[in-house]
Structures are given as structure tokens and as C-alpha cells.
Amino acid sequence: LLLLAAPPLPPAATDRCSMAELEGDRACETPDCGQPARLQCPTCLKLGIRGSFFCSQDCFKGSWSVHKQLHKPPREEISKDESPATTGDGDICMNPWPDYQYTGKLRPYYPLSPKRMVPSYIKRPDYADEPTGMPVSEQVLKGTSQIKVLNAHEIEQMRLVCRLAREVLDVAATVIKAGVTTDEVDQKVHAACISRHCYPSPLNYYNFPKSCCTSVNEVICHGIPDRRPLQDGDIVNVDITVYHNGYHGDLNETFYVGDVDERAKKLVQTTYECLMLAINEVKPGVRYRELGNIIQKHAQSEGFSVVRNYCGHGIHKLFHTTPNVPHYAKNKAVGVMKPGHVFTVEPMICEGGWQDESWPDFWTAVTKDGKRSAQFEHTLLVTETGCEILTRQIGRA
């Protein structure tokens, strides 16, 4: 799931306030600051509140306790005055960003359903109840290049949580069909997590609003589950991470919805092959940067491109940590594989160009040319002789 430190999160994945194109000179709204402002509050953008400009993340965070009071009154006003378009069955369906120029045909279906609750008896990560969703434990290690070597106990915990994550993804797979909304997929994922005493890791991670990511067609990653029904011919990636007993397990797969065209089948199959070819090379002594060479060589041979702004990542007690694992050739990733390293490989392969941009929700990453993208992911353990696929399907080697 992430932007260049694990799979790299989009700007908003790492910040509550993200870059926006601003017209003219804007001054930071933090009292006594007055510096030029290039950042805007994402919640205000969604609610249509004008202004809300800041010069830096620090100013934004320092003003949060006061600034957040702006959000409640506008939300009440919107609910009374707006007349959103509706679908035939009466569900609210609206475009929350009328000025945004979409790159493809996909559109968000808003409003999102309410945040799903996690029972208090389930152990949760440090960001779960944070207003900003910031994982303090990850921030402490930000900037380090050291890769953790897990001991025998930690490895067993990773085997367990990855098995649970696989079970949850397999539950999600059973409901993928035309007419089912991605929010309904998220509901099934959330329930499957709770029944296994797992916290759904994406929930509130830097304020991500749902329990999994669902990325349809031109969405590369970090798609937010909403009320859009899946359509015959779609491809959809479901990205699952669960947290259990203090450890995270992460995997994803891309699914066909009904009858898909041959080009989509080739894209999805090639993406899976890219993942498995890279996994075949995982063993002690291999440089992390080499995986990108393997992935890009195969993708290009089939006429596809490799996303560059999102990558694989270390994972254990931290959702995203070292190493970074880019999927493109000639990258400059740091580190050499050693027994006890645990990390993800999760290539994102596009049928057009590799360039991406983000929707105004600051999460949904889409291809810049609007063409489709597919992804597969496993969590891997480096062993003495090769690697163990911790998130493999039950019954498979």
C-alpha cells in the first residue's frame, strides 16, 4: 500500500495537508506567520470551504485545534442546501470535485459511508486513535537506512499475521462481482478482520478512511472504497493489511469483474508474472535495487510500463519501514538482503505510461493518461537459502 518510503504514499498519505495549485499570492493563515502559502487543508477542499492555506505541515499541525472548528458548520450547511445527483436506487452519488479534470472514465461516488468501528478489545497500532493518524513509531525511525533482522519469535508472529491477512483477502475475493460496490467489499474486509481479532491497518493511517484499498481500472493504488458498483469488464485491486499481536501483514491481488477484454487479461497476467519473477530472485546477498531490473525487463517485453512513484517496503511491527523496494530499473535503493529481513514486493504495471497523479482526496493515485493499471503484492521473508512467501495462498508452496 504506500508513497516512496513504503509503497510510497501519495502526498496526503504522508501529510494531512497537501500541495494545491494556487492562484496568486496566498499568505499562511497561522497567526503571526504570514509566509507564502502553497498548502491547503484537504478537509476544507472536500467541504467547499474557501481559504485554509498554510506554508508548511508544522504550521498546519500547530493550528489544527482551532482550524478544525471550521469543518462542522460547513458540513451541516452542505447537508441542507445541496441537492446531489442520485442513482436510480436512491443512493447519493456525487462528484465532490467538480473542477478536477479526471484522467480516465472512473468517478468517485460520494459521500463515503461512516467510518467503521473497531472493538476496544482488539489491539491497535499507535495511529489508530490519533487525530492526524500519524504513526509515531514510524516517524521515530524516519531517515534511517538500517534494515531490521527479525528473530525467531518475530518471524513466527509475521507468519501468523500474514496468514490472517491472506484469509481476509480470500474473503474479499468471494464478493467481487458486477453490481457489488467497493464499499461493500470494504465492509466484508472489516468484518473478516474483526472476526480474526485483527485491526485493519489502513484504517486511520494518516487518516485513510477505510479498512482496505480498492483500486479500479486506471487507479494505480490507494483507491478509497465508495458507493460505485463494480461493472462488468472492470479490473479491481484489493489491498489488505492487517495488524495482529503487534505485527502487520500485507498483500494484494487484482481481480477480473465479469468478462474483461484480452488487453486487460494480458496486463493482469504480466503483472503477476513480474511479481513472481522478482520473488524468484530473493535470497541473501541480492541487492534490493536488482528487483526493479527484473520487473521492468519483463513488463517492457510485454509492452507495459512500471510505476515509479510507489514501491515495496519493509514491514513487521511497523506498517511501512526500510527497506524501500522500487520496481523500476536502474533505481538507487539501498541495502542487501539478509536472512530475517521481511519486506513486500508489489509491482504496479500500466498499459500506457507510468506517470501518475492523485485525485483531490490526496489518496487515489491514477495513471496520468487514464489507462489501466494492475498490481500484485506479497510479504516475503528472506531465509538462509532463498525466501518464504508469508502471504501465499493456503495450501500453496
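Note: the structure precedes this text.
Residues numbered from 1 in each chain as written. Predicted model: local features only at pLDDT ≥ 70, side-chain atom pairs only at ≥ 80, totals over all residues. Heavy atoms only, no water.

Undergrad: So what exactly am I meant to see when it comes to helix α10 (residues 290–301) here?
TA: With twelve residues, α10 extends 17 Å from end C-alpha to end C-alpha; this agrees with the ideal 16 Å at 1.5 Å per step. Inspection of α10 places Leu291, Gly292, Ile295, Gln296, His298 and Ala299 among the buried residues, and these make up the whole buried set. Mapping the buried residues of α10 onto a view down its axis gives an arc of 165°, with all of them on the same face. Exposed side of α10, more than 90 degrees from the buried face: Lys297, Gln300 and Ser301 are the residues found there. For α10, the elements touching its buried residues are α9 (262–279), β9 (305–306), β11 (321–325), β12 (342–345) and β13 (348–350). (Helix = DSSP H or I, 4+ residues; strand = E, 2+ residues; numbered from the N terminus. Expected span 1.5 Å × (residues − 1). Buried < 20%, exposed > 50% of the residue type's maximum accessible area, 1.4 Å probe, protein only. Arc of directions from axis to C-beta. Contact = heavy atoms within 4.5 Å.)

Undergrad: What should I look at first to understand the pattern of salt bridges in this one?
TA: Should the charged atoms of two oppositely charged side chains come close, the side chains can pair. Counted under the stated rule, the structure contains 19 salt bridges. The shortest N-O distance in the salt bridge between Arg196 and Glu167 comes to 2.8 Å. In this pair, Arg196 sits in the loop between α8 (182–195) and β4 (199–200) while Glu167 sits in helix α7 (residues 152–173), placing the two residues 29 residues apart along the sequence. Classification of Arg196 by relative accessible area gives partly exposed; the value is 23%. One salt bridge connects Asp261 with Arg372, and the closest N-O pair in it is separated by 2.8 Å. Pair noted here: Asp261 is in the loop between β8 (247–256) and α9 and Arg372 is in the loop between β15 (365–367) and β16 (373–375), with a separation of 111 residues, a long-range link. (Salt bridge = Lys/Arg side-chain N within 4 Å of Asp/Glu carboxyl O.)

Undergrad: Explanation requested: the pairing of β12 in the structure shown.
TA: Here is the key point about a regular strand: its side chains alternate between the two faces of the sheet. Burial of β12 is two-sided: the residues Val342 and Thr344 facing one way and the residues Phe343 and Val345 facing the other way are all buried. Pairing analysis gives four bridges linking β12 to strand β17 (residues 378–382), with the strands arranged antiparallel. Note that in β17 the partner of Val342 across the bridge is Leu381. (Pairing = 2+ DSSP bridges.)

Undergrad: Looking at this structure, I do not really get the environment of Ala128. What am I missing?
TA: You can see Ala128 is positioned in the loop between α5 (72–81) and α6 (136–140). For the pair Ala128 and Tyr205, spaced 77 residues apart in sequence, the C-alpha separation works out to 6.9 Å. Setting aside chain neighbours within four positions, we find Ala128 in contact with Lys115, Tyr199 and Asn204.

Undergrad: It is not clear to me how the environment of Pro96 should be interpreted in this structure. Could you clarify?
TA: In this structure, Pro96 sits in the loop between α5 and α6. For Pro96, a relative accessible area of 14% corresponds to the buried category. In this view, Pro96 contacts Pro108 and Tyr110; residues no more than four positions away in its chain are not counted.

In short, shape yes, function no, at least from these values alone.
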